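Structural characterization, general
Chain by chain, the residues:
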Amino acid sequence: MANRSPQPYQPRINNSSSSSSYSSHSDSTQSKIPKASNQIYSNKTSSSSSKTGEFSCRIENSYYEDGDQEPPNLIGTCPFMCPLEERQRRERLRDLAVFERLHGNHAKTSPALAVKKFCRTISSKDMKASDVRPVPVLEDTLNYLLDLLHSSDHPFDVVHDFIFDRTRSIRQDLSMQNVVSDQVIHMYERMVKFHIISYHHLHRSSQTPNTASMSHLNLEQLMKALTTLFSLYEVNRASHSASQNEAEFFSLYLLLHLSPDNQVEPLSLWFRRIPSPVMESRAMSFTRRILRYYRLGNYKRFISTTEEEASYLQYCIVEPYISEVRKLALSCISYGGYKLQPYPVEHLSKILMMKESDVEALSVDCALETSDVGTGKGLVSSKQAVINKTSKEYKKYYELDSSRIRRLCAELPAL
């Protein structure tokens, strides 16, 4: 079948508060939204659309089986977290997650426990309003799911797997209804936060094939959710005003692209499309400095600035890069030092913000030697510019020795 460009469809712009009824969606402001793509959001408009006040953005619309057709314009009417037919079918098939089982029964659930699963392919011809949850029900469902995030009754990977699937279903129901409102934007922001917290936890967990796969899929959905969030910001900004959290989430996106290998396009082009108030914000100022320090190899400034200024979500993303920066520091010091004058581990621990015992352990992981220097240990120069050792121990993360960061990680973030 020949490729055809997807037909644009009209989203409903809803500026009502979260307490609005299911039928309060406004059709007063409309915009053309093409089918979602894997690229980052674009603020560009065509010459014709700029004359009429129309604008382009991408909302997640890749869930439809017949993606070349215009998705239906509907308002969900399902009052439960999971439609009745799906709940009954999954009871018969014993397809219930551990959080959905009533009294532990694999074949019994309830409206207060069952949550609609994500469906990979949906045919618009078979879509019914009774199977789609309206925005207020979706928000209640999201509240229920995120309350489970810090559950200590189950391993994190079990909790993550359940929330991961059910929040995809929430995004799917939102995309079907094409509603843009402050309420929907806030829901997407909370789902992005969930994926970032999961990014942090999965990175710290043991790197088994299962967790590595979960981490990859989590990052993939994080980027998709962010892309849609930026599109919602754009629609919202064009209809009335900018969201107060835009700067924070743009900074998080930029941090995810610290490494040039992760870039979809040159950042110089991406920066040009960012609104001036966002670029001038404190969050973006911090992120741009972190980006500069990382690209220049300024390990001391990178670590100290992260320790002093990073928010919890920013630190969740930056933490994996700290290991790379520490490796760079050890490589530079080892290569540039004197063979007969080892660099004191005590000084290294302050620069790298690590305990001295962790500095020694990291040196061993990187195939570098330490020796006695007076009353302590020192890193022996080996003229080794690049550290090539690859082992499980090498992937170990050594915590940042900072009371502020420990407080950030100990506090349960508001979602």
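One can find the structure itself at the top, above this paragraph.
Thresholds applied
Residues numbered from 1 in each chain as written. Predicted model: local features only at pLDDT ≥ 70, side-chain atom pairs only at ≥ 80, totals over all residues. Heavy atoms only, no water. Pairing = 2+ DSSP bridges. Helix = DSSP H or I, 4+ residues; strand = E, 2+ residues; numbered from the N terminus. Expected span 1.5 Å × (residues − 1). Phe/Tyr/Trp six-rings, centres within 6.5 Å; stacked < 30°, edge-to-face > 60°. Buried < 20%, exposed > 50% of the residue type's maximum accessible area, 1.4 Å probe, protein only. Lys NZ or Arg CZ within 6 Å of the ring centre and 35° of its normal.

**Concerning the pairing of strand β4 (residues 370-373)**
Walk down a regular strand and you will see the side chains alternate between the two sheet faces. Relative to strand β5 (residues 376-379), β4 runs antiparallel, the two sharing four bridges. Within β5, the position partnered with Ser 371 by the bridge is Gly 378. Once β4 ends, the chain turns through two residues before running back antiparallel as β5, passing Gly 374 with a positive phi of about 60 degrees.

**Focus on helix α4 (residues 156-177)**
The terminal C-alpha atoms of α4, which comprises 22 residues, lie 32 Å apart, in line with the 32 Å expected from a rise of 1.5 Å per residue. After α4 finishes, the residue Asn 178 shows a positive phi value of roughly 55 degrees.

**Side note on the packing of aromatic side chains**
In total, this model carries ten aromatic pairs according to the counting rule given. Relative to Phe 302, the ring of Tyr 294 lies with its centre 5.8 Å away and its plane at 50 degrees, an arrangement referred to as tilted. Under the relative-accessibility criterion, Phe 302 is labelled buried at 0%. An aromatic cluster is defined as three or more aromatic residues linked by ring pairs; in this entry it consists of Phe 230, Tyr 233, Phe 250, Tyr 253, Trp 270 and Phe 271. For Arg 87, the ring lying beneath its charged end belongs to Phe 80, and the centroid distance is 5.4 Å. Cation over ring: Arg 168 sits above Phe 118, and NZ or CZ is 3.9 Å from the ring centre.

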